[in-house]
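What follows is each chain in one-letter form.
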Amino acid sequence: MTVSNTTTKLQYLGDGNNRTFAITFPLLSAAHLRVIITNAAGEETEVSANYELTPALNALTYPTVESGLAPLPAGSKITLIRQTPLTQALDLQSGNSLDAEELERGYDKLTYIVQELKEQLARALKYNESEMNEHTAEEYLKEIESASSSAAAYAQTASQAATASAAAASEAEANKNRAGGYCTRSETAANSAFQEAYNAGQFRADAANRAADAQTAKTAAEAAKTAAENAVSTATGQVSTHNTSNAAHADIRAAVAAKQDALPSGTAGQYLRKTAGGVEWTDIAAGGSAATVDGELSATSTNAVQNKVITAALAGKQKTLKAGTNTSIEEDGTINFVGGGGPGGTVDVDGSLSDTSTNPVQNKAIKAAIDAKQDKLNTTQTAAANSGITEEKVTAYDMHTADTDLHVSASEKATWTAKQDAISDLATIRQNASAGAAAANAAGNYGNIVSHNADEFQPSGNYAAASHTHTKEQITDLPTVPTKVSQLTNDSGFLTAVPAATASTLGGVKLSYDSATQTLTITAQ
């Protein structure tokens, strides 16, 4: 047969279900097939059991059901490779007839071997065609491994260089900050020199000294700038050597580029002036006329004041007083002790509240008075107090409080209290009547009084007509009159307490209660 299929290797992915895989390349024998399993971690295992081929050698089952193994899971793969032995099994005898099938089978085997070698060469490392084959493949591989190790070492060196570059960048940043500090101090010193020179022309020499200080600071700033540039250069050189990019280099260059360039030396009569472009030396005369410096303090002047004037004024002031006990300070600075007129004096502290005393009050007395007061009601308590209050009940309460006829006066209470309670026990009345009659007979003052039942007793003298009137004072059997509202039965649902809420709106009526005066005000809404 002819060989038109050049495939020598097939690969299938596992799915947890499939066991059968097609073989599309020709095989001379089942022994010429290699089966390699690759798990999800990339680990390869060549298997020689638990699989079977069809008689036509065009399909493979793995794993077989009989093996008890599960199908290849997802993430794994199976590779089928044809590997024909590099042998020659065809033996042609001189004078014998040629078998075309055997001869063609030999040619097929050679073709398969060539195809398989081609597949292996495609996966092999090869020299360029123009190079002389001075090394074997194993030596070439070792060179590659050595180069890989060298590359790893270079990468480590590059990483160390990057770390050093970062450290250099950090140092450069510190130098930049120090340079900024020097520039700030330079500007401060220059401003101070300008202020003093501008305020008093006679101190120009001092301004020159301060300018020298600024020059020193400028020199330090230049040195810091140089250090930063050197750090940047070092970092750039290290990174360039290992072809490593570091964004910090650009940040350092930008930071250094933003700094003030070296300042030229100033001269006497000049001051440092901050401009939009940086800091520059300017003649004092060009800055305007000399400033006026006052020789004394003023409540209206906006000029500068001489240092010695301020120092003298502060020297005459009282130092800060520490907090004292029972002391007072007069306008002239005199310190008085309250209560005793001097050190060791005492202060009277009242032990209770008073409407007239001006003394301080003891803490415990204040607390006791506060604790005796009613706490404010919270929202829940206010709602509970207001529940059940209706316009009709409020109206009834007002009518009740306004009707004096329904209330017992103090004099009425005293009169009723002195009265005898009604005796409802008839037997007791009869007993007392008999005892009184016997006592009267014994005394001989009333003649012979016979004991009768109380309901049969009639007086022997004049008695009132059937129709007559009495005053309240003449009535001795009045019923007991309640002396407390709580003794009455509130069957009409009158209010028995004033709500504690300060303000609320109920049924179109607004109730406002003043706890200080205990006054309830009702306003229609």
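Along each chain, residue indices are assigned from 1 in the same order as the chain's sequence is written. Local features in this predicted model are restricted to residues whose pLDDT is 70 or higher, and side-chain atom pairs enter the listing and the counts only when it is 80 or higher, whereas totals over whole chains, interfaces and linings include all residues. To obtain the side-chain values, all non-hydrogen atoms of the structure were included, while hydrogens and water were left out.

Take the overall build of the chain next. In this text, helices come from DSSP runs of H or I with a minimum length of four residues, and strands from runs of E with a minimum of two, each type numbered from the N-terminal end. Check the secondary structure of the chain and you find 10 helices and 16 strands. The proportion of buried residues among the 525 residues of the chain is 19%. Taking all contacts inside the chain whose residues are at least 6 apart in sequence as the whole, residues at least 24 apart take part in 52%. Residue exposure ignores everything except the shown protein chains as possible cover, and the areas themselves are Shrake-Rupley values with a 1.4 Å probe. Entry remark: accessible area of the chain is about 37100 Å², with carbon and sulfur atoms responsible for 52%. For every residue, the accessible area (1.4 Å probe, protein chains only) is compared with the maximum for its type, and the residue is labelled buried under 20%, exposed over 50%, or partly exposed between those bounds. The contact definition used throughout considers only heavy atoms, calling two residues in contact when any of these lie within 4.5 Å.

Right, let's get into the nonpolar core. In terms of nonpolar packing, the biggest core is built from 15 residues, with L33, V35, L60, I78 and L80 touching the most fellow members. Looking at this core, the elements that each hand over two or more residues are β3 (33-38) and β7 (77-82). Examining the composition of this core, we find that 3 residues originate from one element, β3, more than from any other. Leave out the neighbours within four places in its chain, and L33 touches I23, F25, L27, Y51, L53, L60, L80 and I81. We call a set of buried residues a nonpolar core when its members are Ala, Val, Leu, Ile, Met, Phe, Trp, Tyr or Cys and they connect through side-chain atoms within 4.5 Å of each other.

Glancing now at the pattern of salt bridges. By definition, a salt bridge exists where a carboxyl oxygen of Asp or Glu is found within 4 Å of a side-chain nitrogen of Lys or Arg. Within the structure shown, the criterion is met by 6 salt bridges. Measuring nitrogen to oxygen at the nearest pair gives 2.7 Å for the salt bridge that ties K367 to D371. Taken together, the residues span about one helical turn, with K367 and D371 both in helix α6 (residues 363-371) at a distance of 4 residues. Overall, K367 belongs to the partly exposed group, its relative accessible area being 48%. Salt bridges linked by common partners bring K9, E119 and R123 together as one network.

A few words on a nonpolar patch on the surface. Think of a patch as exposed residues, more than 30% relative accessible area, with no salt bridge, where like charges cluster within 9 Å and nonpolar side chains (Val, Leu, Ile, Met, Phe, Trp, Tyr) cluster within 5 Å. Residues L125, L141 and I144 make up a contiguous nonpolar surface patch of about 250 Å² in total accessible area. Along the polypeptide, I144 turns up in helix α2 (residues 137-199).

Let us look at the side chain of T84. As for its placement among the helices and strands, T84 is situated in the loop between β7 and α1 (100-122). T84 sits in the buried class, given a relative accessible area of 4%. A polar contact is formed between the side chain of T84 and the side chain of E116, at a distance of 2.7 Å. Sequence-distant contacts of T84, defined by excluding residues within four places in its chain, comprise H32, K109, Y112, I113 and E116. In protein, a polar contact requires one atom able to donate a hydrogen and another able to accept it; more generally it is a pair of N or O atoms within 3.5 Å, and residues adjacent in sequence count only if both atoms are side-chain atoms.

The next thing to look at is the confidence of the model for the chain. Scored between 0 and 100, pLDDT is the confidence that the predictor attaches to each residue. Residues at a pLDDT of 70 or more form 58% of the chain, whose mean pLDDT is 74. Predicted confidence for residues 241-246 stays below pLDDT 50, and this span has 11 contacts to residues more than four positions away or in other chains. Scored below 50 in pLDDT, residues 339-344 makes 6 contacts in the model with residues more than four places away or belonging to other chains.

With that settled, the discussion passes to the sheet that holds strand β4 (residues 44-47). Strand order in this open sheet of 4 strands is β1-β7-β3-β4, and the pairing throughout is antiparallel. Either end of the sheet is taken by a strand with one partner, and the two such strands are β1 (9-13) and β4. Shown here is a sheet whose adjacent strand axes are inclined to one another by a mean of 25°, direction ignored. Should DSSP find at least two bridges between two strands, the strands are regarded as paired. To obtain each axis, a line is fitted to C-alpha atoms, and for helices this fit is confined to the stretch in contact; angles are then taken between N-to-C directions over 0 to 180 degrees.

This part takes up the pairing of β3. On any regular strand, side chains alternate: one points to one face of the sheet, the next to the other face. Within β3, 5 of the 6 residues are buried, which leaves the element mostly enclosed by the surrounding structure. In the sheet, β3 pairs with β7 via 6 bridges, with the strands oriented antiparallel. Of the residues in β7, the one forming a bridge with I37 is I78. If you look at the hairpin formed by β3 and β4, you'll find 5 residues sitting between the two strands, and G42 has a positive phi there, around 90°.

Bringing the side chain of E116 into the picture now. With respect to the helices and strands, E116 occurs in helix α1. Overall, the relative accessible area of 6% leaves E116 in the buried class. E116 has contacts with T8, R82, Q83 and T84, leaving out every residue within four places of it along the chain.

Here 3 strands make up an open sheet; going across it, the order is β2-β6-β5 and the pairing antiparallel. Every interior strand has two partners, whereas the edge strands, β2 (20-22) and β5 (52-53), have only one. When β2 meets strand β6 (residues 59-61), the two strands line up antiparallel, connected through 3 bridges. Following the sheet pairing, A22 is matched in β6 by A59.

This part is about α1. For a helix, the expected span equals 1.5 Å multiplied by the residue count minus one. Look at α1: 33 Å from first C-alpha to last across 23 residues, which is about the 33 Å you get at 1.5 Å a residue. Every buried residue of α1 is accounted for by G106, D108, K109, Y112, I113, Q115, E116 and E119. Close packing links the buried residues of α1 with β1 and β7. By the N-cap criterion, in which a side-chain oxygen at the helix start approaches the backbone nitrogen of a residue two or three places on, α1 is capped by D99, the distance to E101 being 3.1 Å.

Next up on the list: the packing of aromatic side chains. Paired rings are identified among Phe, Tyr and Trp, the last through its six-membered ring, by centres lying within 6.5 Å, and are further divided according to the angle between planes into stacked (under 30 degrees), edge-to-face (over 60) and tilted (the rest). Following the criterion strictly, the structure yields 1 aromatic pair and no others. Taking the centre distance of 5.5 Å and the plane angle of 35° together, the rings of Y12 and F21 count as tilted. Overall, the relative accessible area of 2% leaves F21 in the buried class. Working rule: Lys NZ or Arg CZ, within 6 Å of ring centre, within 35 degrees of ring normal, means a charge sits over the ring. Sitting over the ring of Y112, R82 keeps its end group 4.2 Å from the ring centre.

Our next topic: the environment of P71. Mapped onto the elements, P71 comes out in the loop between β6 and β7. For the pair P71 and T20, spaced 51 residues apart in sequence, the C-alpha to C-alpha distance is 9.6 Å. Contact partners of P71, with chain neighbours within four places excluded, come to G16, N17, N18, R19 and P63.

Attention shifts here to unusual backbone geometry. Excluding glycine, most residues fall at negative phi; most peptide bonds, likewise, are trans. Note the cis peptide between Y62 and P63, where omega equals -15°. Tracing the chain through its elements places P63 in the loop between β6 and β7. At N50, a residue that is not glycine, the phi angle is positive and equals roughly 65°. Assignment of secondary structure puts N50 in the loop between β4 and β5. Its identity is not glycine, yet L57 carries a phi of approximately 55°, on the positive side. For L57, the position within the fold is in the loop between β5 and β6.

Structurally, Y51 is set in the loop between β4 and β5. The sequence separation of Y51 and R19 amounts to 32 residues, and the corresponding C-alpha distance is 9.5 Å. Excluding residues within four positions of it along the chain, Y51 makes contact with L33, V35, L60, T61, Y62 and T64.

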